[in-house]
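If you want the building blocks of each chain, they are given just below.
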Amino acid sequence: MDFSLAAVLPQIFTGLVLGMLFVLLAIGLSLIFGLMTVVNFSHGALYMLGAYFTVFFLGYTRNFWLALLLAPLMVGTFGLLIERFLIRRLYGRSPDDPLLLTFGLSLVLIETAKIIWGKIGLTLDPPRELAGTVNLGFMIFPAYRLFVIAVTIVVLFGLWAFLTRTNVGLIIRAGSRDPLMVRALGINLNRIWLLVFGIGCGLAGLAGALAGPMRGAYAEMGVTMVIESFVVVVVGGMGSLLGAVVAGILMGQVVGITTYFAPKAAEIMVFVVMAVVLLVRPSGIFGEAGLAE
Amino acid sequence: MGRHPVAAFGMFFAVFPFLMPYKSLASQVLIFGLFALGFNLLYGYTGLLSFGHAAYYGLGAYGTGIALAKLKLGSLWLGIAAGPLLAVLGGIAIGFFCLRRRGIYFAMLTLAFAQLLYFVAFHLSDVTGGDDGLRGIPQLPLNLFGWKIDLEGSLAFYYFTFVLVWLAVAGLKRILDSPFGTVLQAIRENGDRAAACGYDVRRVKHLSFVFSAFFAGLAGGLDALRLAVVPVESLYWVTSGQVVIMTLLGGAGTFFGPFVGAGTYLVLGDRLAVFTERWPLVIGLIFMAFVLFLPKGIWGTLIDRLPGGTSAGAKP
């Protein structure tokens, strides 16, 4: 086995790309959970829809960039409908109920995807502009994967600016701290919840759209992703967005590097890291104890 | 029926295979009913939603399967004992980790640990058969005080399963009627108050977790005998989801709910499969409707409507 830096560096970058998908999914989960204490189990199914919608819009518009924009918007809109017509009915009931409902929903979405797009997955090519590789000086890396890293960083900055620099962002952060007080100030939290659910689902859709050209689109693609993203959220600390980013990148690295040294253990390592974090710091790296327990 | 649930269970399931389109389906209902019974002890009675109960079902199936196919123990009883034993060991270890957190964390952590076991079983193909499943489980005859009873006939296997599941049902009734069972329900209603009363809530929860793993493991072991193979999907998240759906369809926190739910799920799935390959879509929609509109499930709603029915406390 080759242990040189030149051999490990591509692995680190591959891990970083996977980490970016984890971050996008985990930040959506964490945002929804932090504000609404809802675990959206259908997050993986929405990731899958993101990939399929990209294929659909690509076939329709013949323009990858447009498809990459439209697919997350569609998934986000779908998220708005889920909140408005399903999740909203469960407020005030056991916090397990939204988890159970979205679990049922994910079964329905996976089966529906099989009916519409078939059981066999579809492949999706990166756009011509990003098809080749880029020489970074110290290594050669596929251009599309660098693009995924760049898009995620831009989206994260956008989200950070939205949450810290706008009034709506301020209300969202206040709402996750003390919803009762925010309500008392005369703010309609229902609309904020709707918006946040839509944004979270849209981020899952974006992750799926970005993953499409690397991993293809198939009905069950979201299943392990949602479980691993949840592990990322637990490791980072429930409801902590910074935690989701740090833990997402960390988990991407863990998977990337284990894939290099012991491929069979790669899927397992994610859970081993989780178990260790739980033993040492039960509330996660950046978590606060007591959120929705 | 309400006053003697264990006797009622025995009477109903004694004639059950003759109500079913085929005998193997009847055995399947009993086995998944037992699995759901274990899940319900944890979710319905203790208030802990485990989303990874396939772990204990799968450990039970592999325990029995490995004991008979790989270790060649040659005794049906030892094989059956090995399943729940392995599940209990898994329950002790995983419960230790998962019970460090509560609520939704607990649910998702149990799922994560089940998924960990799935990947381990998938890659340890020397022991588990990996993707092909564990094959070569011998169909041993039942040795009962020198009598040898052949279990290969589906009706013989049904009644063998029936007796074991009946014993488990009686055992669960005993647990629920004991002071320990009352503490479980106290924890479900208000964990903090139970702790204030001086109960070691974490230990009681852990014990409930391990009991639940035992029932699920026994179900897994019986299913390994029924199929003579352990598919790696036994440990997959879909299996965990199935037991959640069954229990909620039937009615969480009711005594018969798990069996009503397992029967409904399996018979409905069996009939729907004739019409469409996509029957999980229909089950998923029905499940969503139950979460939204009938959270007490079929049996729970039924006893609420009956005279003298109550929605609080332990239900028959």
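Keep in mind the model is a prediction, meaning the values are calculated, not measured.

### Structural notes on the overall build of chain A
Counting its regular elements, chain A contains 11 helices and two strands. Secondary structure of chain A in N-to-C order comes out as α-α-α-α-β-β-α-α-α-α-α-α-α. Principal-axis analysis of the C-alpha atoms gives chain A an extent of 60 × 50 × 35 Å. Across chain A, contacts joining residues at least 24 apart in sequence account for 76% of those joining residues at least 6 apart. Here chain A has roughly 12200 Å² of accessible surface; of this, 67% comes from carbon and sulfur atoms. Where the 17 positive side-chain charges of chain A centre and where its 13 negative ones centre are 8 Å apart.

### Remarks on the packing of aromatic side chains
Overall, the coordinates contain 50 aromatic pairs over all chains when judged by the stated rule. Seen from their ring centres, F41 of chain A and F103 of chain A are 5.6 Å apart, and the 75° between their planes marks the pair as edge-to-face. Of the two residues, F41 of chain A is situated in the loop between helix 1 (5–36) and helix 2 (43–61) and F103 of chain A in helix 4 (residues 96–117); the sequence distance between them amounts to 62 residues. Grouping residues by exposure puts F41 of chain A and F103 of chain A together as buried. Judged by centre distance (6.3 Å) and plane angle (5°), the ring pair of Y158 of chain B and F162 of chain B falls under stacked. Separated by four residues within a single helix, Y158 of chain B and F162 of chain B lie in helix 7 (residues 154–177), roughly one turn from each other. The pair Y158 of chain B / F162 of chain B is uniform in exposure class, with both members buried. By the ring-pair criterion, three or more aromatic residues cluster together here, those being F41, F103 and F271 of chain A together with F51, Y118, F119, F122, Y236, W237 and F287 of chain B.

### Looking at the interface of chain A and chain B
Taken together, the contact pairs 44 residues of chain A with 39 residues of chain B. Summing both partners gives a buried area of about 4300 Å² for chain A against chain B, and 77% of it is carried by carbon and sulfur. Linking chain A to chain B there are two salt bridges. E277 of chain B is the partner of K119 of chain A in a salt bridge, and the nearest nitrogen-oxygen pair spans 2.5 Å. Summed over the shared surface of chain A and chain B, the number is six residue pairs in polar contact (both at pLDDT 80 or more). Sorting the residues of the side of chain A that touches chain B by element identifies helix 4, helix 9 (221–236) and helix 11 (266–280) of chain A as the ones contributing at least two each. Element by element, the count of residues in the side of chain A that touches chain B is highest for helix 4 of chain A, at 14 residues. Taken together, the residues that form the side of chain A that touches chain B break down as 29 nonpolar, five polar and 10 charged.

### Re the pattern of salt bridges
Tallied over the entire structure, the rule returns 13 salt bridges over all chains. What you see here is one network of salt bridges that share partners, running through E111, K114, K119 and E220 of chain A together with E277 and R278 of chain B.

### Focus on empty space enclosed by the protein
In this structure the tally under the stated criterion is one cavity of 30 Å³ or more. Looking at the largest cavity, its volume works out to about 60 Å³. Lining the largest cavity, in full, are F41, G44, A45, S106, I110, G222, V223 and V226 of chain A together with W237 of chain B. For the lining of the largest cavity, the secondary-structure elements that each account for two or more residues are helix 2, helix 4 and helix 9 of chain A. It is helix 9 of chain A that contributes the most residues to the lining of the largest cavity, three residues altogether.

### Structural notes on the nonpolar core
With 221 residues, the main nonpolar core has L210 of chain A together with F51 and F160 of chain B as its most contacted residues. With 18 residues, helix 1 of chain A is the largest single contributor of residues to this core. If near-sequence neighbours (up to four positions away) are discounted, F51 of chain B is found in contact with F41, L99, L100 and F103 of chain A together with A107, T110, L111, S240 and V244 of chain B.

### Side note on unusual backbone geometry
One non-glycine residue, T37 of chain A, adopts positive backbone phi at about 45°. Along the chain, the position of T37 of chain A falls in the loop between helix 1 and helix 2. Residue T37 of chain A is classed as partly exposed on the basis of its relative accessible area, which comes to 30%. Its identity is not glycine, yet A228 of chain B carries a phi of approximately 60°, on the positive side.

Conventions and cut-offs
Residues numbered from 1 in each chain as written. Chains lettered and ligands numbered in written order. Predicted model: local features only at pLDDT ≥ 70, side-chain atom pairs only at ≥ 80, totals over all residues. Heavy atoms only, no water. Helix = DSSP H or I, 4+ residues; strand = E, 2+ residues; numbered from the N terminus. Contact = heavy atoms within 4.5 Å. Areas by Shrake-Rupley, 256 points an atom, 1.4 Å probe, with all protein chains shown as cover. Lys, Arg positive; Asp, Glu negative; His and termini not counted. Charge placed at Lys NZ, Arg CZ, Asp CG, Glu CD. Phe/Tyr/Trp six-rings, centres within 6.5 Å; stacked < 30°, edge-to-face > 60°. Buried < 20%, exposed > 50% of the residue type's maximum accessible area, 1.4 Å probe, protein only. Buried area = accessible area lost by both parts, 1.4 Å probe. Salt bridge = Lys/Arg side-chain N within 4 Å of Asp/Glu carboxyl O. Polar contact = N/O pair within 3.5 Å; in protein donor to acceptor, adjacent residues only side chain to side chain. Nonpolar A, V, L, I, M, F, W, Y, C, P; charged D, E, K, R; others polar. 1 Å grid on protein atoms, 1.4 Å probe; cavity = no way out; pocket = protein on both sides within 12 Å on 5 of 7 lines; lining within 4 Å. Points joined across faces, edges and corners; volume = space filled by probe spheres on them. Core = buried A, V, L, I, M, F, W, Y, C linked by side-chain atoms within 4.5 Å.

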